[in-house]
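Listed here are the chains, written in short residue letters.
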Amino acid sequence: MTLRRLGLLLATAVLLSALLVACSSSQSGSQSGSGSNAGTTLTYWASNQGTSLDNDKAVLQPELDKFKAQTGITVKVEVIGWADLLNRILAAATSGQGPDVLNIGNTWSASLQATGAFMPFDDASMNAIGGKDRFLSGSLQATGAAGQPPAAVPIYSMAYALYYNKKMFAAAGISAPPTTWDELVADGKKLTHGNQWGLALEGGSVSENSHHAFTFGQQYGADLFDSAGKPQFDSPGEVAAIKRYIDFMAVDKIANPSDAEYANNQSVTDFATGKAAMLLWQAADTALKSHGMKPDDYGVAPIPFEAPAPPGGRHVNSMVAGINLAVFANTEHKDAALQFVKFMTSEAEQIALNKDLRLAADCPGGVLGPGVPDRHGQGLPGRAGEHRRAAAAGGAGEPVRDPGRDRHEGPVRGRGQRQADHLRRHQGQAVRGQSAGQGRRLGRTAGWQRSPRPDAGGGRRPNSGSAAPRPSGAGRAGAAPG
Amino acid sequence: MLLPALVLELLVHLIPMVVGVWMSLKGLTQFFIRNWSAAPFKGLGNYRVALDVHGPIGGDLLSSLRVTVAYTLASVGLSWLLGTVGAVLLQRPFRGRGLLRTLFLTPYALPAYAAIITWRFVLQRDTGMLNHVIVNDLHLAHGRPFWLIGGNSFAALVAVSVWRTWPFALLCLTAGLQTIPPDLYEAAAIDGASFGRQFRHITLPLLRPVNQVLVLVLFLWTFNDFNTPYVLFGRAAPRAADLISVHIYQSSFITWNFGLGSAMSVLLLLFLLAVTAAYLILTSLRRSHA
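Residues numbered from 1 in each chain as written. Chains lettered and ligands numbered in written order. Predicted model: local features only at pLDDT ≥ 70, side-chain atom pairs only at ≥ 80, totals over all residues.

Novice: Would you take a moment to explain the overall build of chain B for this structure?
Specialist: Along the backbone of chain B there are 12 helices and 0 strands. Seen in sequence order, chain B has helices and strands lined up from the N terminus as α-α-α-α-α-α-α-α-α-α-α-α. When the backbone C-alpha atoms are referred to their principal axes, chain B occupies close to 75 × 60 × 35 Å. Scored against the burial criterion, the 290 residues of chain B give a buried share of 30%. Looking at chain B alone, contacts between residues at least 24 apart form 65% of all its contacts between residues at least 6 apart. (Helix = DSSP H or I, 4+ residues; strand = E, 2+ residues; numbered from the N terminus. Buried ≥ 20, exposed ≤ 12 C-beta atoms within 10 Å, placed from the backbone. Contact = placed C-beta atoms within 7 Å.)

What follows is the structure in structure tokens.
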């Protein structure tokens, strides 16, 4: 009896799977035959941007439903944590079996481009998704090696900033966040007492440390690669830059030595729970919120710099950090995939997604929320008056340019100052425009990008970021809506 | 009858090994992972890089090998010692013996990840229990030492490894002790042999076959141990605890240079084969002489 039952079950299973195969093949058949992609199913690997994988899914699903309503294309989303994402992509690239569309940390762009696993966005594909102009050019240059069609297009942008605890600053009698490293050290010493430290560092995180090595290096006039593309990680400028970073803990003693063990975003926790007064981080809002820190409790300021600037020093605050959207080269649904990319990078979607995820959108209009009168930063109320640089930034549509700071920019940076991504957006708060992705350095930084995110420890977003520096001149201050 | 087993053996063991050796001769980097056969043939180029002890890559590999050998000797030695002492002490029946045996075996039964991540919490500088006990409660150390980075990480790694592997030694040796006839001990006791002499002249010689296998197995496991350092330190192991398995993982998966990583793996395989062969020949010779 049981045997016969088993036989029946087996037969049913075989029949069912045959039916399923028939269904799926008929689906793909109809899709390639007609011009419409309705009925196609795409697989989408999303990166973790929200407070949890489920949170990401909850944010994405309504947008995917909207996409289905518009095009008839079903998108199956899988949110993959940062600890696994690169390995999953690597396995997909090796086997040729992967999703149709996926997120990558933008620092991975060049190295993944080298594998040939992604469909290059040549002119035809770029036009199919609405053209280059829908992206901020700074972000668009963090999409692969120079001189090649982008391997991916930007979807979310981030930049490093100085997060500071307002109450602790007030208690220490500090009226404005530091603008130079010397000021930061002086403030840090005032803020270090008892169980409280001036600055929290993610000392054990390979990716955080390499991001800082790059940004600090730029401030000290050191490039990681020379003009021929040869690595020069031990140049005097780079050594001085990294020493500046390490000295916060070793010499100035404004950071807890235990931070050297941190590799799982414990520094964010320390900042959020009042164990440290300052933090250098990118897009920390969701993480801070999840640790119970209210948006009003902290302020955000540009990354300080070295003054007087070392020879050749550039005023760089961050690399162009962010997430890119790529189409898997082996996809059988290229048209549908491009439609989906077009949808996800459209202004409306960028605003919706970035509002929910507290990130910076990548379309020029997307940095502003709905209801903002002017896309180009004119007349937008920043959080002016909150501190001295905000005043310079937020006020009157001037670029985020503090006269005292610009002289650090050498002629090198004259080129390619573009419209900005921005630093941060917040519900009901101003976005402090941080500025112009200058890009163009990808040729030289390709090698840097080539090594994939070496970190393990699984920061939530440790991989994001590319090597293109972000000078703080010539940007714009945008504001998010209330 | 033997054929299916042979085919499976080929599939499961030999083919991956051959593929590994083949990969080690190729310049298999991210540029070729979609089409392995397109990777350029490098001959022994990867091996030259790995063996060039004056170069940065070869030098790091050598220092990693040294750390691994020291780690293996310390961990296997201590595990064996603890296992032997434990097994002998638990040999005679007493109240609570079963309970103690179960308790001692717990680390071996715990899933590796769960057990080691707990150690990671214990060993943290600020919030770890170890520092809380030795600094705050016992005042043994001045200032909080680091255990997960810097020089102490080696001791931490050995401690966790011993904690994880000694129950296996205990288990094997307990089983081995059951095979020794009690009459021998009775006879020795009647002749007036002390506990120490009984141990040296009865227990150790009769446990020799068990020990021979046990030490070899512990050696191979410990030498190739990936879980313990990886979970304890993450991908970036401190230099003092840079074990070779994690080192090779770093050299292939993190830099996507699978050719070089394979060459290192093949070298590791050859090293282990040589050590194992030497060990088996030596121990067998001594046995046949004895």
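Novice: I tried to follow the interface of chain B and chain A on my own but got confused; where do I start?
Specialist: In this assembly, 15 residues from chain B lie in contact with 20 residues from chain A. Classifying every residue of the side of chain B that touches chain A gives 7 nonpolar, 4 polar and 4 charged. (Nonpolar A, V, L, I, M, F, W, Y, C, P; charged D, E, K, R; others polar.)

Novice: Is there a simple way to think about the environment of Leu267(B) in this case?
Specialist: Structurally, the position occupied by Leu267(B) is in helix 12 (residues 258-289). Put simply, Leu267(B) and Ser24(B) are 243 residues apart on the chain and 9.9 Å apart in space, counted from C-alpha to C-alpha.

Novice: Is there a simple way to think about the nonpolar core in this case?
Specialist: Within soluble globular proteins, side chains that are nonpolar tend to cluster in buried spots. Of all hydrophobic cores here, the largest spans 105 residues; its most connected members are Tyr163(A), Leu279(A), Phe340(A) and Val341(A). Looking at which element gives the most residues to this core, the answer is helix 13 (residues 334-344) of chain A, with 7 residues. When we break this core down by domain, the ones giving at least three residues each are domain 1 (39-157 + 322-361) and domain 2 (160-320 + 375-471) of chain A. Setting aside anything within four residues of it in sequence, one finds Leu279(A) in contact with Tyr163(A), Ala200(A), Ser267(A), Val268(A), Phe271(A) and Ala284(A). In terms of nonpolar packing, the next biggest core, distinct from the first, is built from 42 residues, Leu65(B), Ala87(B), Phe146(B) and Ile248(B) among them. (Core = buried A, V, L, I, M, F, W, Y, C linked by C-beta atoms within 7 Å. Domains from an automatic or database assignment.)

Novice: What exactly am I supposed to notice about unusual backbone geometry here?
Specialist: With the exception of glycine, most residues fall at negative phi, and the peptide bonds are largely trans. Geometrically, the link from Ala307(A) to Pro308(A) is a cis peptide bond, its omega value of -5 degrees lying close to zero. Within the secondary structure layout, Pro308(A) lies in the loop between strand 8 (298-301) and strand 9 (316-319). Backbone geometry places His139(B), a non-glycine residue, at a positive phi of 55 degrees. Assignment of secondary structure puts His139(B) in the loop between helix 6 (129-137) and helix 7 (152-178). Look at His139(B) and you get exposed, because 8 C-beta atoms sit within 10 Å.

Novice: I keep staring at the sheet that holds strand 6 (residues 197-200) of chain A and nothing clicks. Help me out?
Specialist: Residues and elements named next belong to chain A. As summarised here, the arrangement of the 4 strands in space is 6-7-5-8, forming an open sheet in which the pairing is mixed. Among the strands making up the open sheet, the edge pair consists of strand 6 and strand 8. Within this sheet the neighbouring strands show an average axis-to-axis angle of 20 degrees, counted without direction. As paired elements, strand 5 (residues 160-165) and strand 7 (residues 276-282) share 5 bridges and run antiparallel to each other. When the sheet's bridge partners are listed, Tyr160 is paired in strand 7 with Gln282. Strand contacts of helix 8 (residues 181-191): strand 6 and strand 7, with the helix running at about 125 degrees to strand 6, the strand carrying the most contacts. (Pairing = 2+ DSSP bridges. Axes fitted to C-alpha atoms, helices over the stretch in contact; angles between N-to-C directions.)

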